[in-house]
Each structure stands twice: as C-alpha cells, then as structure tokens.
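What follows is each chain in one-letter form.
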Amino acid sequence: MGTNQDGHYAEVGSGCQIKHLVHELRESRQWTLPSLGFITEQTIAGAISTGTHGSGKHSLSHYVRSVRLATYDADTGQAVTTVVDAGDELRAARCSLGTLGVILSVTLEVRDTYLVEEQFRHYSKLEDVLATESTFPLQQFYLVPWKWTFVAQQRRETNRKPSRLAWLYHLYRLIVFDVLMHLLILLITRPLFPSACTRCAFKWVIPACVIPQWPIVADSSKQLVMQHELFHHIEMELFVQRSKLQDATDYLINALTTMGSPHVKSKSNLQRPELKLNPAPAFAQLQGQYCHHYPICIRKVECDDTLISMSCASDDASNPKESWYSITLTNLHRGIHRESFMKMMPILTHEFSTKFNARTHWGKLFGMSGSQLASVYPKLQKFITIRQSFDPTERFSNGWTKDCFTDDKNLPRSTTLPKK
Ligand SMILES: Cc1cc2nc3c(=O)[nH]c(=O)nc-3n(C[C@H](O)[C@H](O)[C@H](O)COP(=O)(O)OP(=O)(O)OC[C@H]3O[C@@H](n4cnc5c(N)ncnc54)[C@H](O)[C@@H]3O)c2cc1C
C-alpha cells in the first residue's frame with residue numbers, strides 16, 4: 001500500500017476476497033475501494049476479470065493500475081512472470097477473463113473511506129428517476145415487475161454524521177428485502193400458485209414494504225453492499241447506454257408482459273415499429289410461460305478505460321464515453337422450472353444486442369456469440385491481438401473464450417461495421 005502523485009494504491013494477491021481487502025484497507029489506513037457491487041465475496045482477480053461493478057462509478061477493472069501475470073513460455077515450457085502496467089496491454093489485462101495468463105496480484109487505485117447517505121423513493125417514470133441522478137450520483141433503482149414503476153435506492157457521498165439508527169435501517173433492509181422478500185418469491189413461484197399471485201405480490205405487497213424517504217448515513221461498505229448471495233439464483237445482466245435506456249426499458253416491459261400472460265395487453269409506451277417484439281418462433285413459444293418474479297435492478301456504470309469490460313467505450317462516434325446502465329434479471333427458480341428463463345435469456349440477449357447494441361455481463365449468464373461480440377465491442381480485435389501475444393498456444397483459453405476471442409469468428413472487424 002502507498003500513495004503517489006496519482007493517489008492511494010494497494011497491491012492485492014489475486015485470490016484475496018473483496019471483503020477481506022475492504023477490511024484490511026480500513027483497519028490499516030482508513031482506505032477503501034472506489035466502487036463496490038451487491039456482494040463482496042468475489043476474489044479480486046475474478047472481479048476485475050469480468051468487469052464487476054457497483055452503481056454510479058466505473059467497474060473495478062477501470063481502477064487497476066497494474067497486473068502481475070504468470071504466462072506460459074511454449075519454447076521452454078516454463079512460467080514467466082510479467083508486470084503489465086501501461087498502454088493497451090494494461091487496458092486488456094484490466095478485464096481479460098483469465099485469457100492472458102494467471103493473475104498473481106493486482107495493484108488497484110483505492111481511496112479514503114467515505115460515508116454514503118441512502119434513502120428509498122418511488123417513481124412512476126424512468127425520466128423522473130434519471131433526473132435525480134445529479135443529486136444522488138451513486139443511486140441504483142429497481143423496475144418493479146407487474147407494477148412497472150420504479151423504486152430508487154438514492155445514494156450520495158456525504159459529510160454528514162453517521163446516523164444513530166443506521167443499525168436499524170440495515171436490519172430492516174436485511175430482514176425485509178434480503179430475506180423475507182426472497183422467501184415470499186420462493187413461495188409464490190411454486191407450481192401450485194398461479195402466476196397471478198406473483199403479479200399481485202409485485203403490485204401490492206413488495207412495493208408496500210419500502211419505507212420511502214428515511215435517509216440514513218453510514219460507511220460506504222455497509223450502505224453499498226447487500227446480502228444478495230443468501231438465496232441461490234441465476235442472473236443475466238444487459239448493458240445499454242444512457243441514450244438507449246428508455247427504449248430498452250420499454251422493450252423489456254413489453255417482452256416480460258407478453259411472456260407473463262398471453263391475455264395481458266402490453267402496457268408499454270412503444271410507438272416505434274422497430275421496437276415491436278421479435279416474432280421469432282422461439283419467442284412465440286414462450287408467450288404466457290414466463291412470469292418474471294424479481295425486481296429488475298438498474299445501475300449506472302461510468303465508461304471504463306478498458307478494451308472489453310461491459311462498460312468500456314462504444315463505437316458511437318458522437319458520444320463514445322456515454323455512461324452504461326446495467327439491467328439485471330434475476331431468477332430464483334430451480335431445476336426444470338428454470339427452463340423458460342433459460343429459453344428467454346438468449347432471445348432477449350439477441351434482441352437487446354441488435355436493437356440497442358447491448359452487452360451482457362462476462363461473469364453472469366452470457367448468451368452472446370463470438371460473432372455478436374464484434375459488433376458491440378469496438379476494441380475486441382485489439383484485445384484478441386494482445387491475447388494472442390500473451391498466450392499464442394491458447395493454454396489459458398477454454399471452449400467459450402475461444403469462441404469469444406478467436407480471430408476468424410469476429411469478422412467483419414468492428415471498425416468496418418456500419419454504425420447502428
Ligand atoms: C451473488 C452474486 C452477486 C453478484 N453481484 C455482482 C454485482 O453487484 N456486480 C457485478 O458486476 N457482478 C456481480 N456478480 C458477478 C461476479 O462479480 C462475477 O461473476 C465474478 O467474476 C465472480 O468472482 P469470482 O472470484 O467468483 O471469480 P470466478 O468466477 O472464479 O472467475 C471469474 C473469471 O475470472 C478469471 N479469474 C479468476 N481468478 C483468476 C486468476 N488468478 N488469474 C486469471 N484469471 C482469473 C476466471 O478465469 C474467470 O474467467 C455477482 C455474482 C454473484 C454470485
């Protein structure tokens with residue numbers, strides 16, 4: 001750990017879990033990480049390798065100053081240790097899915113500990129939630145399925161004193177949302193309950209549990225992190241840029257409403273014909289078969305200085321550094337009951353990537369093909385070239401990463417693709 005002209009930094013062993021790093025930084029220097037996601041269970045190498053992020057800041061990958069890697073020398077058969085700390089090689093190493101080599105340690109930008117003020121608030125329109133972003137830059141918000149309104153978890157850094165009732169607020173959040181809401185969802189999504197129960201719960205019960213405008217100030221590591229790991233679930237996360245968020249949200253509402261019931265009419269405000277649901281046969285088969293049952297979390301992620309993290313710059317020449325918004329679809333079903341979600345996932349991914357240039361989270365259900373990636377990651381080819389130079393014999397690739405990062409799968413190159 002140390003401080004130089006660029007601020008505080010810490011070198012961390014790759015297998016260190018974020019929760020231990022946050023604890024150690026606080027205990028030894030009163031420092032913390034610049035951004036935190038829902039949980040802190042991940043290892044630092046796993047988190048940066050998949051572009052893990054929280055809300056209102058860049059992903060953790062962006063804050064990586066250097067990476068110490070062990071690569072394989074095919075001539076000698078020996079491991080070679082390399083430090084990557086500048087240029088496009090660093091941008092590649094910041095998020096690489098392990099395909100450059102084994103990460104041994106990571107040097108990260110860190111910062112002084114800080115306090116966050118948080119409160120919940122209901123909104124009926126997306127534009128109203130987004131309008132509060134300048135006041136609450138760290139906010140995340142939830143699209144409430146079947147009510148199709150928003151609950152914002154408004155957050156901002158503050159110099160105010162920590163709240164005396166912070167412990168009660170965190171207990172409320174833990175019991176009501178991290179535990180009881182999940183138990184309720186698990187109950188009402190059992191086969192004996194009709195999907196109308198899910199719709200009623202989201203229209204009437206779950207939003208009523210939100211205590212609005214109870215502002216609480218506490219340390220960032222308490223406020224930003226939730227106990228999202230308590231209940232087994234699967235997730236897909238779609239990233240769209242700010243200019244496409246309204247259309248993407250309308251489209252999602254339309255898609256979920258249609259899949260939830262064949263008899264319910266779409267309530268979205270879709271006007272434009274190109275945003276109509278794709279009538280692909282696979283999609284039509286899902287009508288009335290998938291009733292979404294979890295609040296849809298939407299988080300802003302600032303544009304990263306990386307080659308392939310989900311929130312890296314797009315090839316939109318007018319605004320390449322536009323912020324990204326991640327839209328998370330969570331599913332608590334188990335086994336065979338997951339089938340409709342798993343069928344929906346690639347269809348939605350395809351629809352979002354073609355209509356909104358969306359990307360999916362590298363560390364969650366992925367659903368994109370190698371050829372799709374080239375159209376949404378303008379620096380993919382540069383990444384592939386660097387990956388090849390670090391690991392020409394593909395020792396650190398598997399079938400999936402080969403599909404994503406093999407040269408001939410990604411033609412035509414992104415630079416030659418027409419702008420969407
Ligand atoms: C409950 C839960 C909540 C989550 N919340 C969020 C969230 O809020 N925000 C978000 O963005 N994501 C979130 N995620 C996704 C999660 O951050 C990623 O899946 C992350 O990669 C998991 O970290 P891990 O340590 O388990 O990595 P692993 O799953 O073990 O590995 C992930 C990738 O990193 C590579 N890797 C790991 N270690 C090394 C190494 N030493 N050298 C080279 N490559 C390596 C692996 O090859 C793999 O490609 C969540 C996941 C769960 C399960």
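Residues numbered from 1 in each chain as written. Predicted model: local features only at pLDDT ≥ 70, side-chain atom pairs only at ≥ 80, totals over all residues.

Once that is clear, we can look at the sheet that holds strand β4 (residues 64-73). Sheet strands pair via backbone hydrogen bonds, and the direction of the pair is either parallel or antiparallel. Strand order in the open sheet made by the five strands is β1-β2-β6-β4-β5, with antiparallel pairing throughout. Only two strands of the sheet have a single neighbouring strand rather than two, namely β1 (2-4) and β5 (78-84). Pairwise comparison of adjacent strand axes, ignoring direction, gives a mean angle of 20° for this sheet. As paired elements, β4 and strand β6 (residues 102-109) share six bridges and run antiparallel to each other. Paired with A70 across the two strands is V102, which belongs to β6. (Pairing = 2+ DSSP bridges. Helix = DSSP H or I, 4+ residues; strand = E, 2+ residues; numbered from the N terminus. Axes fitted to C-alpha atoms, helices over the stretch in contact; angles between N-to-C directions.)

In space, the eight strands of this open sheet follow the order β11-β8-β10-β9-β13-β14-β12-β15, with antiparallel pairing throughout. What marks the edges here is a single partner per strand, and that holds for β11 (216-219) and β15 (359-360). Of the pairings in the sheet, the one linking strand β12 (residues 234-241) to β15 comprises two bridges and is antiparallel in character. Looking across to β15, one finds that F239 is bridged to R359. Packed on one face of the sheet, helix α8 (residues 242-260) meets β9 (140-144), β12 and β14 (324-331) and runs near 135° to β12. (Contact = placed C-beta atoms within 7 Å.)

Here we come to the site of the ligand. Taken together, 21 residues surround the ligand, and among them G37, G46, S49, G98 and G363 come closest. In the shell around the ligand, the residues fall into seven nonpolar, twelve polar and two charged. Here the shell around the ligand gathers at least three residues from each of two domains, domain 1 (2-112) and domain 2 (115-371). (Near = placed C-beta within 6 Å. Nonpolar A, V, L, I, M, F, W, Y, C, P; charged D, E, K, R; others polar. Domains from an automatic or database assignment.)

This next bit is on the pairing of strand β13 (residues 296-301). Burial within β13 is extensive, with six of its six residues counted as buried. Neither face of β13 is open: one carries I296, I298 and K300, the other C297, R299 and V301, and all of them are buried. Where β9 meets β13, four bridges bridge the pair, whose relative direction is antiparallel. Paired with Y142 across the strands is C297, a residue of β13. In this sheet, β14 lies alongside β13 in antiparallel orientation, the contact comprising five bridges. From the neighbouring strand, I298 faces β14, where its bridge partner is I327. (Buried ≥ 20, exposed ≤ 12 C-beta atoms within 10 Å, placed from the backbone.)

Looking now at the domain arrangement of the chain. With domains assigned, the chain is organised as domain 1 (2-112), domain 2 (115-371) and domain 3 (381-416). The C-alpha centroid of domain 3 is placed 22 Å from the C-alpha centroid of domain 1. On the domain 3 side, the residues contacting the eleven residues of domain 1 number 13 residues. Contributions of two or more residues to the side of domain 1 that touches domain 3 are made by β4 and α3 (87-94). The greatest single-element share of the side of domain 1 that touches domain 3, amounting to three residues, is contributed by α3. Tallied by class, the residues present in the side of domain 1 that touches domain 3 amount to five nonpolar, four polar and two charged.

A regular strand carries its side chains on alternate faces of the sheet. Along β12, six of the eight residues are buried, which leaves the element largely enclosed by surrounding structure. Alignment of β12 against β14, held across eight bridges, turns out to be antiparallel. Its bridge partner lying in β14, F239 is registered against S326.

Turning our attention to the nonpolar core. Within soluble globular proteins, side chains that are nonpolar tend to cluster in buried spots. Ranked by size, the top nonpolar core spans 92 residues in total, and within it I44, I48, V106, V240, A248 and I327 carry the most contacts. For this core, the element with the most residues is α8, which contributes eight residues. Excluding residues that lie within four positions of it along the chain, I44 makes contacts with V12, S14, C16, I18, L21 and V106. Among the nonpolar cores identified, the runner-up in size contains seven residues, and W146, I185, F202 and Y294 belong to it. (Core = buried A, V, L, I, M, F, W, Y, C linked by C-beta atoms within 7 Å.)

This paragraph deals with helix α6 (residues 195-205). T198, R199, A201 and F202 are the residues of α6 that are buried. One side of α6 carries all its buried residues, which in axial view fall inside an arc of 160°. The inward-facing, buried residues of α6 contact β9 and α5 (166-188). (Arc of directions from axis to C-beta.)

Right, let's talk about unusual backbone geometry for a bit. One non-glycine residue with positive phi stands out, namely Q30, at about 60°. When you line up the elements, Q30 lands in the loop between α1 (18-29) and β3 (31-32). Q30 sits in the exposed class, given 9 other C-beta atoms within 10 Å. Within the chain, Q213 stands out as a residue other than glycine whose phi angle is a positive 50°. Relative to the elements of secondary structure, Q213 occurs in the loop between α6 and β11.

A few words now on the packing of α8 against helix α10 (residues 339-356). Two elements in contact, α8 and α10, have axes whose closest approach is 11 Å; the angle formed by their N-to-C orientations is 150°. By the criterion of interaxial angle, the relationship of α8 to α10 is roughly antiparallel. Judged by the sense of rotation from one axis to the other, the crossing of α8 with α10 is right-handed. For the pair α8 and α10, the contacting residues are K244, D247, A248, Y251, A255 and M259 in the first and M344, L348, F352, K355 and F356 in the second. Of the residues assigned to the contact of α8 with α10, the class counts are eight nonpolar, no polar and three charged. (Parallel < 35°, antiparallel > 145°, perpendicular 65-115°, else oblique. Left-handed = near helix turned anticlockwise from the far one by under 90°.)

At a minimum axis separation of 10 Å, α3 and helix α12 (residues 380-390) run at an interaxial angle of 95°. As the angle between them shows, α3 and α12 are arranged roughly perpendicular. Between α3 and α12, the residues in contact are D88, E89 and A92 and K382, F383, I386 and R387, respectively. When grouped by side-chain class, the residues that make up the contact of α3 with α12 number three nonpolar, no polar and four charged.

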